[in-house]
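An overview of the molecular structure
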Amino acid sequence: MTDTPSRDAWERGSIEYFRREWTKQKDDSEHVYPRSDPSTQWDAFELPKAEFVRGLLANTVPAGGRVLEYGCGAAGILIYLANHGYRGVALDASPEALAIARANDRAEADPGRGTDLSFVVANALTMPFPDGSFECVISNGLLEHFAPEVVPELLSEVVRVLGPGGLFIADIAHRRASTRQVAKPINFTVSYLA
């Protein structure tokens, strides 16, 4: 028997798969946050993405608006947004991921940050929020982990919790590669040229 989940379990976003992945990240002491002074290749990739997301929000969602990131993982972009005045909710089915997200928030929260950031353990298919709770919903590298027949159910749940005129931002990598895998060669090239 192999420790690697089946292709089907991976595509369906198996909670056990993500728990193992985030436990490994926690054990490796990986810290994921978009720093303005990048110390790692991953940081160099995350900051431009966080700034881009903030720019999208600036045109639609005023500071102080409620932002949900489901399947948040380490919640780097959400923490970045909270540091820029947005109220965030980090949702993940993996308590291990949220442990890293909380550690990132403790390490990276701007002193005196006036906005709140909460952490919720829940499944993205059944989010524990009332209809229209958020001005923005973010999916950062999660949507591609679901099988095509599950995606309509997930998107229905996103639409349900998104308020009228709200913004949905999805960062999607090819289903055979995670955003982290796609970022590694790009980050290496950028850091080598810098």
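As a reminder, the structure under discussion sits directly above these lines.
**Things to note about the nonpolar core**
Within the largest apolar cluster, 23 residues are counted, with the highest numbers of intra-cluster contacts made by Leu57, Val67, Leu81 and Cys136. Within the residue set of this core, elements represented by two or more residues are α3 (41-58), α4 (76-82), α5 (95-108), β3 (117-121), β4 (134-140) and β5 (162-171). The dominant element in this core, judged by the number of residues it contributes, is α4, at 5 residues. If near-sequence neighbours (up to four positions away) are discounted, Cys136 is found in contact with Leu57, Val61, Arg66, Val67, Leu68, Leu162, Leu167 and Ile169. Membership of the second largest hydrophobic core comes to 21 residues, among which are Val120, Met127, Val151 and Val158.

**Here we look at the side chain of Ser133**
Within the element layout of this structure, Ser133 appears in the loop between β3 and β4. Side-chain polar atoms of Ser133 contact the backbone oxygen of Pro130, separated by 2.5 Å.

**Considerations on the sheet that holds strand β1 (residues 66-70)**
Backbone-to-backbone hydrogen bonds join strands into a sheet, with any given pair of strands oriented parallel or antiparallel. Pairing is parallel in the open sheet, where 5 strands are placed in the order β3-β2-β1-β4-β5. Two strands lie at the open edges of the sheet, namely β3 and β5, each paired on one side alone. The average undirected angle you get between the axes of adjacent strands in this sheet is 20°. Relative to β4, β1 is paired through 3 bridges, and the arrangement is parallel. By the bridge assignment, Val67 is partnered in β4 with Cys136. Sheet strands in contact with α5 are β2 (87-92) and β3, and its direction is about 170° off that of β3. In the packing of helix α6 (residues 151-161) onto the sheet, the strands contacted are β1, β4 and β5, and the crossing angle to β5 comes to about 135°.

Cut-offs and rules
Residues numbered from 1 in each chain as written. Predicted model: local features only at pLDDT ≥ 70, side-chain atom pairs only at ≥ 80, totals over all residues. Heavy atoms only, no water. Core = buried A, V, L, I, M, F, W, Y, C linked by side-chain atoms within 4.5 Å. Buried < 20%, exposed > 50% of the residue type's maximum accessible area, 1.4 Å probe, protein only. Helix = DSSP H or I, 4+ residues; strand = E, 2+ residues; numbered from the N terminus. Contact = heavy atoms within 4.5 Å. Polar contact = N/O pair within 3.5 Å; in protein donor to acceptor, adjacent residues only side chain to side chain. Pairing = 2+ DSSP bridges. Axes fitted to C-alpha atoms, helices over the stretch in contact; angles between N-to-C directions.

Worth remembering: the numbers are spatial, not functional.
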